[in-house]
Amino acid sequence: QVQLVESGGGLVQPGGSLRLSCVASESIFSFNDMAWYRQAPGKQRERVVLMPRTGSRVYADSVKDRFTVSRDNFRNTVYLQMNSLRPEDAAVYYCNGHRLPNNTYWGQGTQVTVSS
């Protein structure tokens, strides 16, 4: 069973930064794409960034120029660098992996709180 384990969440002041990590139990090359999602209380889960195995990364408009996704293939890890954090970025952040034809995997989530 594929496991995705997120870490790096926490409390940060507005304008601060955090880096989230997602470690996969298998090679991240095995996923056709990986993504970060987030869900704030009372809101639907939304995709923050999509990172295809090949091709361009797709960021939500709300995080463009502030968030950056990257990968370390050797460590089977995907990162989400979050800068200039805003209160509205507070949410539980989830790592997602997708394999064709229709297999989707989720991590357990990591809480990000943005507050002064």
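Look above for the structure.
Predicted model only: the values in this text are computed from it and were never measured. (Residues numbered from 1 in each chain as written. Predicted model: local features only at pLDDT ≥ 70, side-chain atom pairs only at ≥ 80, totals over all residues. Heavy atoms only, no water.)

Draft legend 1. Broad picture of the sheet that holds strand β8 (residues 77-82). Strands sit in the order β1-β3-β8-β7 across an open sheet of 4 strands; the sheet is antiparallel. Each edge of the open sheet carries a strand with a single partner, namely β1 (4-7) and β7 (67-72). Averaged over all adjacent pairs, the angle separating strand axes in this sheet is 15 degrees, with direction ignored. With 4 bridges joining them, β1 and strand β3 (residues 18-24) adopt antiparallel strand pairing. Bridge assignment links Glu 6 to a residue of β3, and that residue is Cys 22. (Pairing = 2+ DSSP bridges. Helix = DSSP H or I, 4+ residues; strand = E, 2+ residues; numbered from the N terminus. Axes fitted to C-alpha atoms, helices over the stretch in contact; angles between N-to-C directions.)

Draft legend 2. Up close: the pattern of salt bridges. In this structure the tally under the stated criterion is 6 salt bridges. As a salt-bridge pair, Glu 46 and Arg 38 come within 2.6 Å of each other at their nearest N and O atoms. Using a relative accessible area of 34% as the deciding quantity, one classes Glu 46 as partly exposed. Bridged by salt links that share partners, the residues Arg 38, Glu 46, Arg 66 and Asp 89 form one connected network. (Salt bridge = Lys/Arg side-chain N within 4 Å of Asp/Glu carboxyl O. Buried < 20%, exposed > 50% of the residue type's maximum accessible area, 1.4 Å probe, protein only.)

Draft legend 3. Seen up close, the packing of aromatic side chains. Tallied over the full model, the rule gives 3 aromatic pairs. Ring geometry for Phe 31 and Tyr 105: centres 6.0 Å apart, planes at 75 degrees, overall edge-to-face. Taken together, the positions of Phe 31 in the loop between β3 and β4 (33-39) and Tyr 105 in strand β10 (residues 103-106) put the pair 74 residues apart, joining distant regions of the chain. We note that Phe 31, like Tyr 105, is buried. Centre to centre, the rings of Tyr 94 and Trp 106 are 6.4 Å apart; their planes meet at 90 degrees, and the pair counts as edge-to-face. Remark: Trp 106 occurs in strand β10 and Tyr 94 occurs in strand β9 (residues 91-99); sequence separation between them is 12 residues. Among the aromatic side chains, those forming a connected cluster through ring pairs are Tyr 37, Tyr 94 and Trp 106. Its end group placed over the ring of Phe 29, Arg 71 keeps NZ or CZ at 5.8 Å from the ring centre. The lysine or arginine in question, Arg 99, covers the ring of Phe 31, its NZ or CZ lying 4.9 Å from the ring centre. (Phe/Tyr/Trp six-rings, centres within 6.5 Å; stacked < 30°, edge-to-face > 60°. Lys NZ or Arg CZ within 6 Å of the ring centre and 35° of its normal.)

Draft legend 4. Summary view of the pairing of β4. The buried fraction of β4 amounts to 6 of the 7 residues, a majority that puts the element mostly inside the structure. With 6 bridges connecting them, β4 and strand β5 (residues 46-52) associate as antiparallel partners. Bridging from a neighbouring strand, Met 34 pairs with Met 51 of β5. Hairpin connection, β4 to β5: the antiparallel pair is bridged by 6 residues, and Gly 42 has positive phi, about 75 degrees. In terms of strand pairing, β4 meets β9 through 7 bridges, oriented antiparallel. Bridge assignment links Trp 36 to a residue of β9, and that residue is Cys 95.

Fair warning: the whole summary comes from geometry, so function is off the table for now.
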